[in-house]
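The lines below spell out each chain.
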There are 2 protein chains.
Amino acid sequence: MDTAWDPYLLACPCRDVLDLVANKWTALMIGKLAQRPHRFGELRREVAGITPKVLTQNLRSLERDGLISRKVYPTTPPSVEYALTPLGESISGYLIALNNWTAANFNEIKRSRAAYDAAQQTAPQPVG
Amino acid sequence: MDTAWDPYLLACPCRDVLDLVANKWTALMIGKLAQRPHRFGELRREVAGITPKVLTQNLRSLERDGLISRKVYPTTPPSVEYALTPLGESISGYLIALNNWTAANFNEIKRSRAAYDAAQQTAPQPVG
DNA sequence: CTGTATCCCGCCTGATACTG
DNA sequence: CAGTATCAGGCGGGATACAG
């Protein structure tokens, strides 16, 4: 790298990159592409719930940032293949780890939320 | 854990947790708290650019999810200390890695964006 | 198959001001 | 010091329909 940036600085441009992760779909998309290259329709099916518009948006954004590559095959019907670039691969591990952490710890979080909400129900009753 | 969830399933409740990361400030806040417990004002200063309202919102959300603890000291003036819970510590490493990756790779991403945008300027000109 | 075009909405975010 | 109240705005995101 050329220079180092501190994301805790207000004007740090790498805040933009953190926003890349601050996205509902990025981690899932990168996770899928880390397994193997995928076509548009495959991603659309495997990343359940994403709409084609949003998929396209995020694909373009990641392509612009150099995390994924887009290759068009002029077949009929046309096919487009998306794959991770080396840069994309360098971050995929962290994102996959996040996905896994999420899956592994959701139940504990669910319990925590329930306990928190229950405490809110009883405690803050000025009129009692 | 009790049961395993697949974040790629549409109805997977752990999507909510992924949204936790899909947040502009979470990674920065967790990163700071991973260093040591912080008071409200400290976080406010050190996470540059965050407003008190948004800081409170995210603090509450993380507390509800069980990632951080909130301890009030009835002093005058009052002081409140936020710290990571064991659950919060278990995810902090991944988030810090993301912060570091961001700082280390921003320049490459910046170059990629510039190249992408330049290509858009020249290529898609039907009228030319 | 691979996207685009609209319309719409809710949430996150931000700025500012105020309180115990 | 540690928040809360309020107002406003923008962008991501969702539903639906359409095109090359």
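Our structure's up above, just so we're on the same page.
Everything in this summary refers to the structure shown in the same document. A quick note: this is a predicted structure, and the numbers were derived from the prediction, not measured.

1. Examining the protein's contact with DNA strand C
Close contacts around DNA strand C come from 20 residues, with Gly41(A), Arg70(A), Tyr82(A), Lys24(B) and Lys53(B) the closest. Within the side chain of Lys24(B), a nitrogen or oxygen atom sits 3.0 Å from a phosphate oxygen of DNA strand C. If you list the elements that add at least two residues to the surface near DNA strand C, you get α3 (40-46), α4 (52-64) and β3 (79-84) of chain A together with α4 (52-64) of chain B. Looking at the surface near DNA strand C residue by residue, the class counts come to 7 nonpolar, 6 polar and 7 charged.

2. Details of the pattern of salt bridges
A complete count under the given rule lists 10 salt bridges over all chains for this structure. Between Arg36(A) and Glu46(A) there is a salt bridge whose closest N-O contact spans 3.4 Å. Residue Arg36(A) is located in the loop between α2 (26-35) and β1 (38-39), and its partner Glu46(A) is located in helix α3; the two are separated by 10 residues in the primary sequence. Note on Glu46(A): relative accessible area 26%, which makes it partly exposed. Residue Arg36(B) is joined to Glu42(B) by a salt bridge in which the shortest nitrogen-to-oxygen separation is 3.4 Å. Bridged by salt links that share partners, the residues Lys32(A), Arg36(A), Glu42(A) and Glu46(A) form one connected network.

3. Observations regarding the relation of the copies chain A and chain B
Two copies of the chain are present, and they differ by a rotation about an axis and a shift along that axis. For the pair chain A and chain B, the best superposition has an RMSD of 0.1 Å and corresponds to a rotation of 180 degrees with a translation of 0.0 Å parallel to the axis. A rotation of that kind, with that shift, is consistent with a two-fold axis. When each C-alpha of chain A is compared by its distance to the rotation axis, Ala22(A) comes out closest, at 1.8 Å. Both copies contact each other with a shared surface, as 100% of the interface residues of chain A are interface residues in chain B too.

4. Structural notes on the protein's contact with DNA strand D
In the region of DNA strand D, 20 residues are neighbours, and Lys53(A), Gly41(B), Thr56(B), Arg70(B) and Tyr82(B) sit closest. Within 4 Å of the protein, the contacting atoms of DNA strand D are 71% sugar and phosphate, with bases supplying the remainder. Residue Arg60(B) places a side-chain N or O atom 3.4 Å away from a phosphate oxygen belonging to DNA strand D. Between Arg70(B) and DNA strand D, the recorded distance is 2.5 Å, taken from a side-chain N or O atom to a phosphate oxygen. Of all elements in the fold, only α4 of chain A together with α3 (40-46), α4 and β3 (79-84) of chain B reach the threshold of two or more residues within the surface near DNA strand D. For the surface near DNA strand D, the per-class residue count stands at 8 nonpolar, 6 polar and 6 charged.

Conventions and cut-offs
- Residues numbered from 1 in each chain as written.
- Chains lettered and ligands numbered in written order.
- Predicted model: local features only at pLDDT ≥ 70, side-chain atom pairs only at ≥ 80, totals over all residues.
- Heavy atoms only, no water.
- Near = heavy atom within 4 Å.
- Polar contact = N/O pair within 3.5 Å; in protein donor to acceptor, adjacent residues only side chain to side chain.
- Helix = DSSP H or I, 4+ residues; strand = E, 2+ residues; numbered from the N terminus.
- Nonpolar A, V, L, I, M, F, W, Y, C, P; charged D, E, K, R; others polar.
- Salt bridge = Lys/Arg side-chain N within 4 Å of Asp/Glu carboxyl O.
- Buried < 20%, exposed > 50% of the residue type's maximum accessible area, 1.4 Å probe, protein only.
- Least-squares fit on C-alpha atoms with pLDDT ≥ 70 in both.
- Contact = heavy atoms within 4.5 Å.

Interpretation note: all reported values are geometric properties and have no functional meaning in isolation.
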